[in-house]
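# Coordinate analysis (summary)
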Amino acid sequence: MVFNLPCKVVVCGDSISAGIIYDEQNHRYVKSAEGFVGVMQNRLNCVIKNISRFGNTILTALPRLTKSLENETPDVVLIALGGNDCDFKWDEIAQNPNEDYQPATDPDEFRLALTNLVTSLRQKGIEPVLMTLPPLDPERYFRWVSKNSAEAGEKILEWLGSVSRIYWWHERYNAAVLKVAETTKSAWIDLRSAFLDTPDFRRYLCRDGIHPNSEGHQLICLAISQYLQESCPSLLKPASV
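Scope of this entry: the structure provided in the associated data block. (Residues numbered from 1 in each chain as written. Predicted model: local features only at pLDDT ≥ 70, side-chain atom pairs only at ≥ 80, totals over all residues. Heavy atoms only, no water.)

### Some words on the overall build of the protein
- Helix and strand counts for the protein come out as nine helices and seven strands.
- Against the compact-globule benchmark of 18 Å for 241 residues, the protein has a radius of gyration of 18 Å, which places it among compact chains.
- Its C-alpha atoms put the protein at 55 × 35 × 30 Å along the principal axes.
- When burial is assessed residue by residue, the protein has 52% of its 241 residues classed as buried.
- Across the protein, the fraction of contacts at a sequence separation of at least 24, relative to all contacts at a separation of at least 6, is 78%.
- Of the accessible surface of the protein, which amounts to about 12000 Å², a share of 50% is contributed by carbon and sulfur atoms. (Helix = DSSP H or I, 4+ residues; strand = E, 2+ residues; numbered from the N terminus. Rg over C-alpha atoms; globule rule 2.2 N^0.38 Å. Buried < 20%, exposed > 50% of the residue type's maximum accessible area, 1.4 Å probe, protein only. Contact = heavy atoms within 4.5 Å. Areas by Shrake-Rupley, 256 points an atom, 1.4 Å probe, with all protein chains shown as cover.)

### A look at the layout of surface pockets
- Each pocket or cavity is described by its volume, and for the largest pocket that value is around 510 Å³.
- Taken together, 30 residues line the largest pocket, and the ones lying closest to its centre are S15, G83, N84, I210 and H211.
- Only α3 (90–95) and α5 (138–145) provide two or more residues apiece to the lining of the largest pocket.
- Counting residues per element, the lining of the largest pocket draws most heavily on α5, at three residues. (1 Å grid on protein atoms, 1.4 Å probe; cavity = no way out; pocket = protein on both sides within 12 Å on 5 of 7 lines; lining within 4 Å. Points joined across faces, edges and corners; volume = space filled by probe spheres on them.)

### Some remarks on empty space enclosed by the protein
- Under the criterion given, the structure shown has three cavities of 30 Å³ or more.
- Secondary structure elements with two or more residues in the lining of the largest cavity: β1 (7–13), α1 (36–41), β4 (46–50), β5 (76–80) and α9 (214–231).
- Looking at side-chain class alone, the lining of the largest cavity contains 18 nonpolar, no polar and no charged residues.
- Size it by volume and the second largest cavity reaches roughly 90 Å³.
- Looking at the second largest cavity, it is lined by 13 residues, and the ones nearest its centre are C86, F88, W90, I166 and W169. (Nonpolar A, V, L, I, M, F, W, Y, C, P; charged D, E, K, R; others polar.)

### Considering the pairing of strand β2 (residues 20–23)
- Relative to strand β3 (residues 28–31), β2 is paired through four bridges, and the arrangement is antiparallel. Its bridge partner being in β3, I20 is matched across the sheet by K31. (Pairing = 2+ DSSP bridges.)

### As for the side chain of H217
- Structurally, H217 can be placed in helix α9.
- On the accessibility criterion, H217 (0% relative accessible area) is buried.
- Look past the residues within four positions of H217 in its chain and what remains in contact with it is I16, G19, I20, I21, E34, G35, F36 and P212.

### Overview of the sheet that holds β5
- What the five strands build is an open sheet, ordered β4-β1-β5-β6-β7; its pairing is parallel. The sheet is open, and its two borders are formed by β4 and β7 (187–189), each paired with just one other strand. When the angles between neighbouring strand axes are averaged without regard to direction, this sheet yields 25°.
- In the sheet, β1 pairs with β4 via five bridges, with the strands oriented parallel. Across the sheet, residue V11 finds its bridge partner in β4, namely N50.
- This element, helix α2 (residues 58–71), spans β1, β4 and β5 of the sheet and lies at about 160° to β1.
- Against the sheet, helix α7 (residues 164–184) engages β6 (127–131) and β7, with an angle of about 150° to β6. (Axes fitted to C-alpha atoms, helices over the stretch in contact; angles between N-to-C directions.)

### Describing unusual backbone geometry
- Its identity as a non-glycine residue notwithstanding, H27 has a phi of 55°, on the positive side.
- In this structure, H27 sits in the loop between β2 and β3.
- Residue classification places H27 among the exposed positions, given a relative accessible area of 51%.
- Of note, K185 is a non-glycine position whose phi angle comes to about 55°, a positive value.
- Here K185 shows up in the loop between α7 and β7.

And the structure:
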């Protein structure tokens, strides 16, 4: 990829790219100054506009991205979505595990919407770059969504069948990102492998088992830097090489 400098980048993602981590001390989600987008802003020959939002799915992120593109045409849109698309209404499941529940976005609908987004960006002369999903810790995430309640956990497990299902269901959406990257011949940055290649990826996740912690965001920065060093080194400032 070759771009005029400074390259203009829009980041379209969810809470991870918004820099949200769980504050253990105050027991709440906070926006961290160590979020990977903010850190990379200082390492790149880029002007970055981050429109990521907590809770974004691909369908809720699209209107904001569309509005952003009405005012400017970036060189790149970095797409970091999927983690909320695969989520379920756990509180409702804990109340009644016998009902039929659907994810926020059906996997096929997610793949189609992502494909259409990539196609639309290309038609505007914008380069889409996809990001894979950091892995989650199913055990920790299960405790989180059941609020450490034995009763809620029992009900959720009745519906789930197995805690491990959380991991492979999340993996299905990651696979969809990779499939879209393959079929559309889009650039993609492999965050998932950056975590899984460590001795224990769980140390890079917050208490909720899904949001990267500060160390996790450093790992993401390293993965992005390594990718750019191989594919587009001109975007890296000399100090970050």
